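# Working through the structure, step by step
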Amino acid sequence: MKYAYFPGCSLHSMAAEYDHSVLEMCGRLGIEMNEIPDWNCCGASSAHSTNHLLSLAIPARNLSIAEEQGLDVVAPCAACYQRLVTVQHETRHDVKIKEKVNKVLGDRSYEAKNDVKSILDVLVDYGIDNLAAKVEKPLQGLKVASYYGCYLVKPPKICHVDDAENPMIMDKIMTALGAEAVQWPYKTECCGGSLLLSNPDIVLKLGRDILQVATDAGANCIVTPCPLCQPNLDTRQGQINSKYGTDYKMPIFYISQLVAIALGSHKNNMKLHKHLIDPTELLKVI
Amino acid sequence: MVVAAQHPNITLLTYAEVEEVSGYIGNFEVKIKQKARYVDMKKCTGCGLCETKCPTKVASEYDLGLGKRPCIYKPFPQAVPNKPIIDAVNCKKLVEGKCGVCAKVCPTGAVNFEDKDEYITEKVGAIVMATGFDLFDYSKTYGEYGYGELPDVISGLHFERLANASGPTGGKIKRPSDHKIPETVVFIKCVGSRDDVKGKTYCSKACCMYTAKHAMQVLEKIPNSQAYVFYMDVRTPGKMYDEFYNRALNQGAQYLRGRVSKIFQQGDKLIVRGEDTIIGQQIEVAADMVVLATAMIPTHGSDKIAQVVGFSTDKDGWFTEAHPKLRPVETNTGGVYLSGSCQGPKDVPDTVAQASAAAIKVVALLSKDQMATNPRISVVDEAKCHGCLVCKGVCPYKAIDGKVVSERAHGHTIERTVASVNTGLCQGCGACTVACRSGALNLKGFTDEQILAEVDAACL
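It should be emphasised that the depicted structure is a prediction, and the values quoted were computed from it without experimental measurement.

Rules behind the numbers
Residues numbered from 1 in each chain as written. Chains lettered and ligands numbered in written order. Predicted model: local features only at pLDDT ≥ 70, side-chain atom pairs only at ≥ 80, totals over all residues. Helix = DSSP H or I, 4+ residues; strand = E, 2+ residues; numbered from the N terminus. Buried ≥ 20, exposed ≤ 12 C-beta atoms within 10 Å, placed from the backbone. Contact = placed C-beta atoms within 7 Å. Rg over C-alpha atoms; globule rule 2.2 N^0.38 Å. Nonpolar A, V, L, I, M, F, W, Y, C, P; charged D, E, K, R; others polar. Expected span 1.5 Å × (residues − 1). Bend = angle between axes of the 7 residues up to and from the residue. Pairing = 2+ DSSP bridges. Axes fitted to C-alpha atoms, helices over the stretch in contact; angles between N-to-C directions. Domains from an automatic or database assignment. Core = buried A, V, L, I, M, F, W, Y, C linked by C-beta atoms within 7 Å. Parallel < 35°, antiparallel > 145°, perpendicular 65-115°, else oblique. Left-handed = near helix turned anticlockwise from the far one by under 90°.

With that settled, consider the overall build of chain B. Scanning chain B for helices and strands turns up twelve helices and 23 strands. C-alpha atoms of chain B, sized along the principal axes, occupy 95 × 70 × 40 Å. Split into buried and exposed, the 460 residues of chain B put 31% on the buried side. The long-range fraction of contacts in chain B, counting pairs at least 24 apart against all pairs at least 6 apart in sequence, stands at 64%.

What follows is the structure, given as structure tokens:
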């Protein structure tokens, strides 16, 4: 399996551990990731709150480069995924939009022939049974609350996840890795996203609710494929605890970290030091 | 029903299915499958002893699984005839050959395990469809309401059984999970109705009224209870209907205008999260039970019976009336009438009115010796007709059949098949005139020549 890889800004900065673990995981599964040469911003938030055509044309350039290579595109970041899959959906379903996007692209052309995949799609394509067969270190003892966030699942017409209201893909992957997939009702609740910067009180409340419901459901960690959800839940637990008088120490993993560890990568190689809630104690149980 | 069963001119065929319908208005022939009851209706007195002794209990369909019934049972307390049948799928005697308790206790020897399906053929002049409705299965599409996996999220019909004195709880409203009496009950209207993404585009019409009734039942039957009703619009046009809704409000039902986005279990409460669009805020209610007013949909199998009888259904599967305003109780097939919610969502008064209208239409039809029909019907030019009978297949009213004509050709008398239009059945839709390859079929008043003349007049 071979994909064009779109890391986006997060995976090259804040979420470097996500980038690292995705490549580690894919290496172990024999999945080749070719970073799109000269990729540009996906346009998340700033472009689509400014101009619709701009928000389509910016990611279209990335997709057109991958299209030249004849590769499907993998965007591990949920926000990037949604921008890319949106332009693919709109250009496939509306000829006029396609014309406009191509006009903006100038010399380039984008025909929307290649698919856009999330990191969950990559694992589903690989086959959850095949993945289970490759597990070297089962994640026994981990009670994982799978947290999908919003970008990967909504709107359901565009995103490919199995079910927008109660997605199960990540839960099945966690079960395949030997972990216990805790069932909880907050899989797709809002983490507050970029409100962290403009209105942190909202993010603290949303984060508190998510951590509390996961705790009530019996989870000892949360796994997410989104580099917005991960820092919102991970880095704010101290503030949540002091604001609400709680005592959360819930490790928040990227899915690729847990997959790579289960496939045999050493936990010290997962850049776990970048997490504010130290998961090393928890990982001793496996 | 009891009165109908006792009327000398009414033959009631219950536990039976219509298998085939042939013929046409005034001359239908209907083949009916009388399903095996395993109980002799003549011998049985309906004493009910067998029902109390049957050792096998299964989930009751009438109570929607909330209660149990024996395998020899009357489907519901007021069933007509008030005599039991045996459920052949679950009866131990019929499945494994053991048991037979009902036969032993029956004082009249009415139980007959050898009973077989029988076929009856009846000649009738008219057919009235009254197949009713089912409820939309929200559990397949409404993930936000728990996909039917939250035990205390129930439909309005479940609630009816809970509140009914002959229901599984004897009329005490108890929630299914732990049989506790719910103090806070949330009602959600338009689940599957007016939802073109997950459900149906239409309004199911009866839900606003029955939800108001349910809310009042909660408030009246349960002390210190709270009833919250989430609604999109309150639609209560009808005599004394809005007054009824206002009574629910005055009794304390909290009406909240907005949709519910999510229901989930938290401890023994159901957290109902929604929006109150009037105050413009998100709200959360910790409920003990949630009742969904699910959309009405055509009865399971209604599309099949429409094909068997020979009339059309609309995009949602409701039976199509001949004209939405002027002929609402007739189908386009002569002699076939509609009553009640098989035609579209309806409440009780509307259903009674339409059923009465259908009955009187039949009386009017059967009281006449001759029938006036639409003169603009298809006619076959037998000289042009090749007898391919493509027209027979396209006719939605089964009005075309082949007939053999004899004619002289090259000094011989030959016989050949040509199409023949039944003037009583043809509704003048024109489908056959388009399908006919040799142009032998024409609609009276709209022949090809007449239409071309109109085109000439308009264009030349």
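Moving on, there is more to tell.
A count of helical and extended segments in chain A gives 14 helices and eight strands. Computed over the C-alpha atoms, the radius of gyration of chain A is 19 Å, within 12% of the 19 Å expected from 2.2 N^0.38 for a compact globule of 286 residues. For the C-alpha atoms alone, the extent of chain A along its principal axes is close to 55 × 45 × 30 Å. Looking at chain A as a whole, 50% of its 286 residues are labelled buried. Within chain A, counting contacts between residues at least 6 apart in sequence, those at least 24 apart form 78% of the total.

What follows covers the interface of chain B and chain A. Contacts between chain B and chain A engage four residues on the former and five residues on the latter. Across the side of chain B that touches chain A, the residue classes break down as two nonpolar, one polar and one charged.

Glancing now at helix H3 (residues 52–69) of chain A. Residue and element names in this part refer to chain A. Taking 1.5 Å of rise per residue, the 18 residues of H3 would be expected to cover 26 Å, and the 27 Å separating its terminal C-alpha atoms lies within 8% of that figure. Ala-60 marks the point of greatest bend in H3, at about 30 degrees. Within H3, 13 of the 18 residues are buried, which leaves it mostly tucked inside the rest of the structure. Backbone geometry just after H3 places Gly-70 at a positive phi near 70 degrees.

Now for unusual backbone geometry. Lys154(A) connects to Pro155(A) through a cis peptide bond whose omega is 0 degrees. With respect to the helices and strands, the residue Pro155(A) is situated in the loop between strand S5 (143–146) and helix H8 (169–176). The step from Val80(B) to Pro81(B) runs through a cis peptide bond, and the omega angle for that step is -5 degrees. Residue placement: Pro81(B) occurs in the loop between strand S5 (72–73) and strand S6 (85–86). Residues other than glycine seldom take positive phi values, yet Ala112(A) does so here, at roughly 60 degrees. The residue Tyr147(B) is not glycine, and still its phi comes out positive at about 50 degrees.

Residues and elements named next belong to chain B. One open sheet holds the three strands; their spatial order is S1-S2-S7, and the pairing between them is antiparallel. Taken across any chain shown, the strands that pair with only one partner, and hence form the sheet edges, are strand S1 (16–24) and strand S7 (118–124). With strand direction ignored, the average angle separating the axes of adjacent strands in the sheet is 20 degrees.

It is worth spelling out the domain arrangement of chain B at this point. Quite often, the size of an interface is put as the accessible area lost when its parts meet. Residues and elements named next belong to chain B. Domains assigned within chain B are domain 1 (36–116), domain 2 (133–297) and domain 3 (378–459). Using C-alpha coordinates to define each centre, domain 1 is positioned 35 Å away from domain 2. Each side of the interface is counted separately: domain 1 has five residues, and domain 2 has eight residues. Residue composition of the side of domain 1 that touches domain 2, by class: three nonpolar, one polar and one charged.

All names here are of chain A. According to the domain assignment, chain A consists of domain 1 (2–117) and domain 2 (130–283). Looking at the side of domain 1 that touches domain 2, the elements with two or more residues in it are helix H1 (8–11), helix H2 (16–29) and helix H4 (78–93). Ranked by residue count, the leading element in the side of domain 1 that touches domain 2 is H2, at ten residues.

In this structure, Phe6(A), Val73(A), Tyr81(A), Leu84(A), Val144(A), Ile222(A) and Val223(A) are the most contacted members of the largest nonpolar core, which totals 91 residues. The residues that make up this core include at least three from each of domain 1 (2–117) and domain 2 (130–283) of chain A. Residues Val153(B), Val186(B), Val291(B) and Ala295(B) belong to the second largest nonpolar core, which totals 44 residues.

This brings us to the packing of helix H10 (residues 200–216) of chain A against helix H12 (residues 237–244) of chain A. Residues and elements named next belong to chain A. Look at H10 against H12: their axes get within 10 Å of each other, and the N-to-C directions meet at 90 degrees. If you check the angle between H10 and H12, you find them roughly perpendicular. Across the interface between the two elements, Leu-204, Gly-207, Arg-208 and Leu-211 of H10 pack against Gln-239, Ile-240, Lys-243 and Tyr-244 of H12.

All names here are of chain B. Contact geometry of helix H5 (residues 156–163) with helix H6 (residues 207–221) gives a least axis separation of 11 Å together with a crossing angle of 40 degrees. When the interaxial angle is binned, H5 and H6 end up oblique. For the element pair H5 and H6, the recorded crossing hand is left-handed. Between H5 and H6, the residues in contact are Gly-156, Phe-159 and Ala-163 and Cys-207, Tyr-210, Thr-211, His-214 and Gln-217, respectively. Looking at the contact of H5 with H6 residue by residue, the class counts come to four nonpolar, four polar and no charged.

All names here are of chain B. Here S7 lies mainly on the outside; zero of its seven residues are buried. Direction of pairing for strand S2 (residues 27–34) relative to S7: antiparallel, over a ladder of seven bridges. The partner of Ile-32 across the bridge, within S7, is Ile-120.

All names here are of chain B. Examined bridge by bridge, S1 and S2 share eight bridges and lie antiparallel to one another. Across the sheet, the residue bridging to Val-18 is Ile-32, located in S2. Hairpin connection between S1 and S2: a loop of two residues separates the two successive antiparallel strands, and Gly-26 in this loop has a positive phi of roughly 85 degrees.

This brings us to the environment of Ser166(B). With respect to the secondary-structure elements, Ser166(B) resides in the loop between H5 and strand S11 (184–191). Along the primary structure Ser166(B) and Thr236(B) are separated by 70 residues, whereas in three dimensions their C-alpha atoms are 29 Å apart.

All names here are of chain B. Reading across from one edge, S14-S15-S16 is the order of the three strands in this open sheet, with antiparallel pairing throughout. The outermost strands of the open sheet, each flanked by one partner alone, are strand S14 (260–266) and strand S16 (281–287). For this sheet, the mean angle separating the axes of adjacent strands, direction not counted, is 20 degrees. In this sheet, S16 lies alongside strand S15 (residues 269–276) in antiparallel orientation, the contact comprising seven bridges. By the bridge assignment for S16, Ile-271 is matched with Ala-286.

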